[in-house]
Protein chains: 2
Amino acid sequence: MATATKQDTEVEELRSKIAALEASLHEKEARQDLVHPYSRSYGRAMIASILDAPDGGKSLAGTTLRVGGWVKTGREAGAGAFAFLEVNDGSCFESLQVMVDKAVAEPVGGLKRLTPTGSAVLVEGVLKETPEGTKQAVELKATKVLHVGACDAATYPMAKKKQTLEFLREKAHLRPRTNTIGAVARIRNGLAFATHTFFQSRGFYYVHTPIITASDCEGAGEMFAVTTLFGREKELRGLPPPASPAELAKLREKVAEQAEAVKTAKAAAAADKGDASLAAASKAEVAALLALKKELDTAEAGALYQAGFKRTPEGELDFRDDFFGRGAFLTVSGQLQGEYYASALSNIYTFGPTFRAENSNTTRHLAEFWMIEPEIAFCDLEDDMQCAEDYVRFCCRWLLDHCASDLAFITKMYDAGAVARLEQVAASPFHRCSYTDAIKKLEAAVKGGRKFDNAVEWGIDLATEHERYLAEELFKGPVIVHDYPKDIKAFYMKLNEDGRTVAAMDVLVPKVGELVGGSQREDRYDVLVERIKASGMPLEGYEGYLDLRRYGSVPHSGFGLGFERLVLFATGLDNIRDVIPFPRVPGSAAF
Amino acid sequence: MATATKQDTEVEELRSKIAALEASLHEKEARQDLVHPYSRSYGRAMIASILDAPDGGKSLAGTTLRVGGWVKTGREAGAGAFAFLEVNDGSCFESLQVMVDKAVAEPVGGLKRLTPTGSAVLVEGVLKETPEGTKQAVELKATKVLHVGACDAATYPMAKKKQTLEFLREKAHLRPRTNTIGAVARIRNGLAFATHTFFQSRGFYYVHTPIITASDCEGAGEMFAVTTLFGREKELRGLPPPASPAELAKLREKVAEQAEAVKTAKAAAAADKGDASLAAASKAEVAALLALKKELDTAEAGALYQAGFKRTPEGELDFRDDFFGRGAFLTVSGQLQGEYYASALSNIYTFGPTFRAENSNTTRHLAEFWMIEPEIAFCDLEDDMQCAEDYVRFCCRWLLDHCASDLAFITKMYDAGAVARLEQVAASPFHRCSYTDAIKKLEAAVKGGRKFDNAVEWGIDLATEHERYLAEELFKGPVIVHDYPKDIKAFYMKLNEDGRTVAAMDVLVPKVGELVGGSQREDRYDVLVERIKASGMPLEGYEGYLDLRRYGSVPHSGFGLGFERLVLFATGLDNIRDVIPFPRVPGSAAF
C-alpha cells in the first residue's frame, strides 16, 4: 500500500547536513572533553579521545594531559636514561607510547618499576608529534608519574606476549587486558549497543522477560532447576527416617487409646475431688498423652521428609516448601512472554540471558548465553525475514563504523576474511530460498558428487554441514531458508495452507550456519489447540498463551538470535567460550 | 587539572544547529515512514507516528492509511448506523479514534464484533481533522476493516474500565494492555535506553557479567541454588539404602576370601587339566566372585547415594555430580566481575538480572530484579558521586523528553508530584552530606521533637525513615550521604585515613529512600587482605579479586542502582511488583 507524501530527497539532504555538523561537533568535543568526566580527580584523558581523533591526535600536540592505564610493553633505552611504555587503557585498541626520563621516574622507584608488562601507571606529560612513519601520530613525554600499580613479571600470568586462547580461559579475570579479548569485548559492546539502537529507532520497546520461570513445558531444551531446598536440607536431615503407614496407624491408635484413658482418669478425679492421688493419676495420663502426641507428630513429619527433602506420598520430591511454592527453572526463551507484550505494545524485543542444561562440551554451546528476541504484531513471515535481515546488516555496518581497529586486529590474527565478510553482508540483500527448494539444491549437489555425512531428503532437519554448504558454497552469502516441514519445527509456528509446512525461517550465514531462527506464530485458537495436543503437551500449561488467541488475536511474528553466535560471526573466532566474558559450561562456572 | 583548548561557545552553537536540523528531519521522517518497516505486508502505521507529530497529525489529514491495535472502548452511535472505536497499539499512550460505518463493518460480521474492549482490529481509512476542542487533532474514517480478532466481553478479564493493580498482577499476560501497565512499560523502556545512551556516550563499555556463579561467598544476601541434580534424583532413588561401614567391610572381606577360593580352584584345575569337574568347580567359584563383586559395587554406590542424592562420607550433599561439578548459584551482584573488566577497559557498566532468595513479602523486594553497576578506573569517591548524580539526572531529563503523555497519566492517576519531582531532580544538583553530619542533623531533629522508630547515634545503619527524612524533609531533594562507618559497610570499600569510616556513598531520593549504593574500592593488597580476614571470610574465594591488587592495581570506584527502584522513583507507584513485567516473589513465579 502506498502511503503519505514521500520527501526522500529533502530528508537525504537534511541527513547529510546533520552528518557534517555532527562530525564537526565531534571533533570539537574531542578537544573539550579531554578529561574523562568521571576521572576528574585524577585528570585522566581517555586514550581513545586522543588517538581516535581524525588526525590521530596531531592537533593536540603541545597539550599537557594525563593518561592512565596498563603497560603492554615497556623497555629501557639510552643505557637506562629513559624508557618507552606502551600504555593501554582499553578505551580503544591502540596503546599510547609514553616516554619517561630516569629523573621523572625516580620519585616513584625508578624506571624498573614502570616497565614490567601489566604495571598500572598514571602519567602527566606533554603530547608530542612523532616523526613521519611512526605507528602513532603522537606520543606523551612524561613530566610526572602520579600513580604506579606495580606488577611482578615473574608471577604475572599475562606477562608473555602471546598466550593461547585456551590458557586465557583459565584467567578470565585478567584476559580482557590482552589484545584479543579486549578487542572482542569492544566488538561485543558495539553489537549490544547496535542492537538497542536498531530496535529503539524502529519503534520497538525493550521488555525484560523473566529469568526464573515455573513453566517447564516450553520444550526447547533441558532446564536448570532453581531452588532454596538445599539451604534447609541439613536441618531437615535430622528428622527420623520415614515411618511406614502401618507404624503411623499404630501410633495413632495408641494416641486414641490414651485419650480414652485420660477421659476415664479425669472423670474419676472429678467424681472424687478430695482424692489427691486420683488428680495426680489424671495428670500423669495427660502427660503420657502429650508425649504420645509429640511422638506421632515427629513420626508424621519424618514420613513427609526423607534425607532432608520433603516427599509426596508417592515418594516424589515435593516442591511446595520451595521458594516459589513449586518447581522453578531458568528460562530457555522469552518468546511466550514476549508475545504477551507484543499483543499490547505491538513491537517489542528482549535482550537477556538464556540457559540450557545440556551436557554439550563443544565450541558452539554455552550453558548461559544472551539472546535477542523481537516480537511484532501485524507482521507475517515476509516482514519477519526483512526485520532479521535489516537487523543483522545494521549490526555489521555498525561494527565497520565503530570498531575498525579491533576488527583489523582480528582480521590479521584470526580470520583474514572477517572484515570482507562484514562488508559483504552489510552491502548486499540476503538470498531467500524455501526449504523445499533448498532440499532440491542439496539433492542436485549430491547428484553432482558433493558428499555430506547426513542424508538429504525432504523432511530432514538441515545439519550444519548443509547450512554452511548453502551459505558458503551455493549462495556465497547469507541466505534465509523458509517454510519448513511442520514435523521438525515447534508447535507454535503458523501452519501453512499446504498443511505440511509451517511459516518458519532460519537465517544461515557463512562461518556459523544458523544465526537466526524465527516464525510467524499460530494466531488461530483452534489450530493452536490441535497443535499443542498433537505435540503431546498439556493444555493447562498454555492457558495464558491461549488467552492471546481468545482475546483480540492478531497475526504476529518474531525471531531469536543467539548473541554469542553473532559475535562469532563478526569476529570469525572459533570457540564460543572466547566471545563471552565468563563462559559457563559443563563442569565449570569459574570466576 | 585544566586541560586542552575549551571551545564551549562554538560547541554550544553547533549543538543547537544540529538540534534544529534533527527536529526538522524527524518531522519529515514521520511522514515518510508512516508504514512500520516490519508491518509492510499489513501496511500498518504506528499510531505514535501520527499522534506524536508536533501538530498531532493535522498535516496528515486526507491521507489514506491503516492502523492496527486493540479496542480500548467502542460504542455504537446514530442508532447503530456507525461506531466509534478508541484503538490503541501501545506505540504511545494515546489511542486513535476510528469511526466505522455499519456498511464498512458488514463484511466482518457487523459493528458488534468490533466494539468490545480488547478486540483486535486492522482498519484502513482516511485521516480527518477533528473539530476544535476535541482531545485528538485527527480521527480515522474507516473505509475497510482488514482484520478482526474477536474478544468476548463476558469472559475477557480486562473488560472493565478500571481494575485494581492487585487484580492486574494475576493477569500479567494481559495487563500491558491497560493504561497504567502500558505507560509503565514505556517508561521502563525509556529508562533502559537512557541508561545505555548515558554510559555509551561517556566512553563506558557494556559488559555481561555472569548470572550463574560458583562463588557463594559474596555475602550480599541469600542465594538461589542452580542445579541439575533433581533430574537424576528419581533414577538414583532406586539405589539400595546406604550400607554401614561395617557392612561394607564385611562384604569386602567376603570378596577377598572368594578371590582366594578362585585362586585355589584355578590352581587345582590347572594341575589336572583332564578333570572336567575341577574346571567346572573353578568356573563356579569365578561366578560366585563376580556375584559378590557386583553386590559390593551396588552396596558402595548405595553408600554414596541416599534417597536420590549423592552424599559425602560426612553425609553432606555432594555436588561433584552436578552440572558445574560443584554447587552453583544465581548472582547477587556483578561487581567483582565488573572490577575485572574495569581493570582492563577502564570504564564499564553492567545491566542485567540479579537475585535474592530472601523471604521478603514486601512492596519493595523482588526475588529477581535488574541492576546497573558501573565500575570506573582512576576514579575516587568524588568522581563516583558525580557519575551517579549525572546518571540519575540524565534519566529524569530523558523521561521528561521522551515519555510525556505516559508521565502525565501517571501523575494524574497515582502521584500528583511525579512530573514535578523529575523536573526538580533533572534541574538541580544533588546535596552532599557526610554520614557524620547526617547523624548530627538527625540528632538535632530528634532534639527538636522529631520522632523516629529507630534510635539515632553514630554507627547505626540509616533506616528508611531516616533516609526519607533527609531527602524529603531536610534537603527536600536527592542527597548523597558519604563516608559511612566501616562496620556497617562491605569489606571491599576503601578504608579512609581516619581508620573508622570507608569511602562509601548512598544516593537517597524522595519517595524511595536509597536509590544508589556505591564506593571507592580498596585497591591496596595488604589492607584488602586484612579486611577480608576481619570479615571472617576465606581468602581462597577471593584469589582473582586479590590478583587485581597484585598486578597493576589502580584506584577505582563504582556503584549499583536497582533498576526497579528507579522506575518506582520515576512513576511514584507504590508496589515494585507493578514496575517489572513478570514479578518473582516468594510463592509465585507465574507466567
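Here the structure is a predicted model, which means the values were calculated and not measured.

**Q** Give a detailed account of the sheet that holds strand β17 (residues 513-520) of chain A, specifying residues and quantitative values.
**A** Pairing is mixed across the open sheet formed by eight strands, whose spatial order is β6-β12-β13-β18-β17-β16-β15-β14 (chain A). Only two strands of the sheet have a single partner each, and these edge strands are β6 (205-206) and β14 (431-434) of chain A.

**Q** How would you summarise the relation of the copies chain B and chain A if you had to cite specific residues and measurements?
**A** Mapping chain B onto chain A calls for a rotation angle of 180° and an axial translation of 0.0 Å; the resulting RMSD is 0.1 Å. Both copies are brought into coincidence by an operation consistent with a two-fold rotation axis. Scanning chain B for the C-alpha nearest the rotation axis identifies Val226(B), at a separation of 2.4 Å. A share of 99% of interface residues in chain B that are also interface residues in chain A marks the association as one of identical surfaces.

**Q** Could you give an account of the domain arrangement of chain A, with specific residues and numbers?
**A** Each assigned domain of chain A is listed here: domain 1 (47-149), domain 2 (182-225 + 328-578) and domain 3 (240-310). If you average the C-alpha positions of domain 1 of chain A and of domain 3 of chain A, the two centres end up 85 Å apart.

**Q** Requested: an account of the UniProt feature "domain: WHEP-TRS" (unreviewed entry) in chain A, with residues and values cited.
**A** Here, the residues flagged by UniProt with the feature "domain: WHEP-TRS" (unreviewed entry) are residues 247-310 of chain A. The span residues 247-310 of chain A shows a helical share of 84% and a strand share of 6%, and its end C-alpha atoms are spaced 19 Å apart.

**Q** Which residues make up the environment of Val512(A), and what are the values?
**A** Residues and elements named next belong to chain A. Within the element layout of this structure, Val 512 appears in the loop between β16 (501-509) and β17. Take Val 512: its relative accessible area is 3%, and that puts it in the buried class. Expressed as a C-alpha distance, the spacing of Val 512 and Leu 568, which sit 56 residues apart in the sequence, is 7.3 Å. Apart from residues lying up to four places away in sequence, Val 512 is in contact with Arg 364, Arg 565, Leu 568 and Phe 569.

**Q** Tell me about the pattern of salt bridges, and name the residues and values.
**A** Under the defined criterion, the tally for this structure stands at 74 salt bridges over all chains. In this structure, Lys112(A) engages Glu76(A) in a salt bridge whose closest nitrogen and oxygen atoms are separated by 2.6 Å. Taken as a pair, Lys112(A) in the loop between α3 (102-105) and β4 (120-129) and Glu76(A) in strand β1 (residues 64-77) lie far apart in primary sequence, 36 residues in all. Between Arg393(A) and Glu389(A) there is a salt bridge, with its nearest N and O atoms 3.0 Å apart. Residue Arg393(A) and its partner Glu389(A) are located together in helix α10 (residues 381-402), separated by four residues, close to a single helical turn. Taking the relative accessible area as the measure of exposure, Arg393(A) reaches 19% and is therefore buried. Connected via shared salt-bridge partners are Glu233(A), Lys234(A), Arg237(A), Arg311(B) and Glu316(B).

**Q** Please give an account of the packing of helix α9 (residues 335-345) of chain B against helix α16 (residues 543-550) of chain B that cites residues and values.
**A** All names here are of chain B. Two elements in contact, α9 and α16, have axes separated by 10 Å at closest approach and are oriented at 30°. One way to sum up the angle between α9 and α16 is to call them roughly parallel. Of the two possible hands of crossing, α9 and α16 adopt the one that is left-handed. Residues Gln 335, Leu 336, Glu 339, Tyr 340 and Ser 343 of α9 pack against Gly 544, Tyr 545, Leu 548 and Arg 549 of α16. Classifying every residue of the contact of α9 with α16 by side-chain character gives four nonpolar, three polar and two charged.

**Q** Let's hear about the packing of aromatic side chains: which residues, and what values?
**A** Following the criterion strictly, the structure yields 71 aromatic pairs over all chains and no others. On the numbers, 6.2 Å between centres and 85° between planes, the contact of Phe230(A) with Phe309(A) is edge-to-face. Of this pair, Phe230(A) sits in helix α6 (residues 229-237) while Phe309(A) sits in strand β10 (residues 309-310), and the two are 79 residues apart along the sequence. You can call Phe230(A) buried: its relative accessible area is 14%. What makes Phe309(A) buried here is its relative accessible area of 2%. On the numbers, 5.8 Å between centres and 70° between planes, the contact of Tyr341(A) with Phe582(B) is edge-to-face. Taken together, the residues span two chains, with Tyr341(A) in helix α9 (residues 335-345) and Phe582(B) in the segment after α17 (563-571).

**Q** How would you explain the packing of helix α10 (residues 381-402) of chain B against helix α12 (residues 418-427) of chain B if you had to name every residue and give the values?
**A** For any two helices packed against each other, one specifies the crossing angle of their axes together with the interaxial distance. Residues and elements named next belong to chain B. Put simply, α10 and α12 touch, their axes get as near as 8 Å, and they point 130° apart. Considered as vectors, α10 and α12 are oriented oblique to each other. Helix-helix and strand crossings are classified by hand; for α10 and α12 the assignment is left-handed. Across from Val 392, Arg 393, Cys 396, Arg 397, Leu 399 and Leu 400 in α10, the residues of α12 making contact are Val 419, Leu 422, Glu 423, Val 425, Ala 426 and Ala 427. Its residues assigned to classes, the contact of α10 with α12 shows nine nonpolar, no polar and three charged.

**Q** Residues and numbers for the environment of Leu65(B), please.
**A** Mapped onto the elements of the fold, Leu65(B) is located in strand β2 (residues 64-77). Along the chain, Leu65(B) and Ala45(B) lie 20 residues apart, while their C-alpha atoms are 6.9 Å from each other.

**Q** I'd like a rundown of the sheet that holds strand β19 (residues 556-562) of chain B, residues and numbers included.
**A** Residues and elements named next belong to chain B. Spatially, β7-β13-β14-β19-β18-β17-β16-β15 is the arrangement adopted by the eight strands of the open sheet, whose pairing is mixed. The two strands at the open ends of the sheet, each matched to only one other strand, are β7 (205-206) and β15 (431-434). Looking at chain direction, strand β13 (residues 347-355) and strand β14 (residues 368-377) are connected through nine bridges and run antiparallel. If you follow Pro 353 over to β14, its bridge partner there is Trp 370. Contacting β14, β15, β16 (479-485), β17 (501-509), β18 (513-520) and β19, α10 crosses the sheet at an angle of about 30° to β19.

**Q** Any chance you could break down the pairing of strand β6 (residues 138-149) of chain B for me, citing the residues and the numbers?
**A** Residues and elements named next belong to chain B. Looking at chain direction, strand β4 (residues 96-101) and β6 are connected through two bridges and run parallel. Looking at β6, one finds that Val 98 is bridged to Leu 140. Sheet topology places strand β5 (residues 120-129) next to β6; 10 bridges connect them, and they run antiparallel. Pairing of Glu 129 across the sheet is with Val 138, part of β6.

Rules used throughout
- Residues numbered from 1 in each chain as written.
- Chains lettered and ligands numbered in written order.
- Predicted model: local features only at pLDDT ≥ 70, side-chain atom pairs only at ≥ 80, totals over all residues.
- Heavy atoms only, no water.
- Pairing = 2+ DSSP bridges.
- Helix = DSSP H or I, 4+ residues; strand = E, 2+ residues; numbered from the N terminus.
- Least-squares fit on C-alpha atoms with pLDDT ≥ 70 in both.
- Contact = heavy atoms within 4.5 Å.
- Domains from an automatic or database assignment.
- UniProt positions renumbered as here; feature names shortened; annotations may be inferred.
- Buried < 20%, exposed > 50% of the residue type's maximum accessible area, 1.4 Å probe, protein only.
- Salt bridge = Lys/Arg side-chain N within 4 Å of Asp/Glu carboxyl O.
- Axes fitted to C-alpha atoms, helices over the stretch in contact; angles between N-to-C directions.
- Parallel < 35°, antiparallel > 145°, perpendicular 65-115°, else oblique.
- Left-handed = near helix turned anticlockwise from the far one by under 90°.
- Nonpolar A, V, L, I, M, F, W, Y, C, P; charged D, E, K, R; others polar.
- Phe/Tyr/Trp six-rings, centres within 6.5 Å; stacked < 30°, edge-to-face > 60°.

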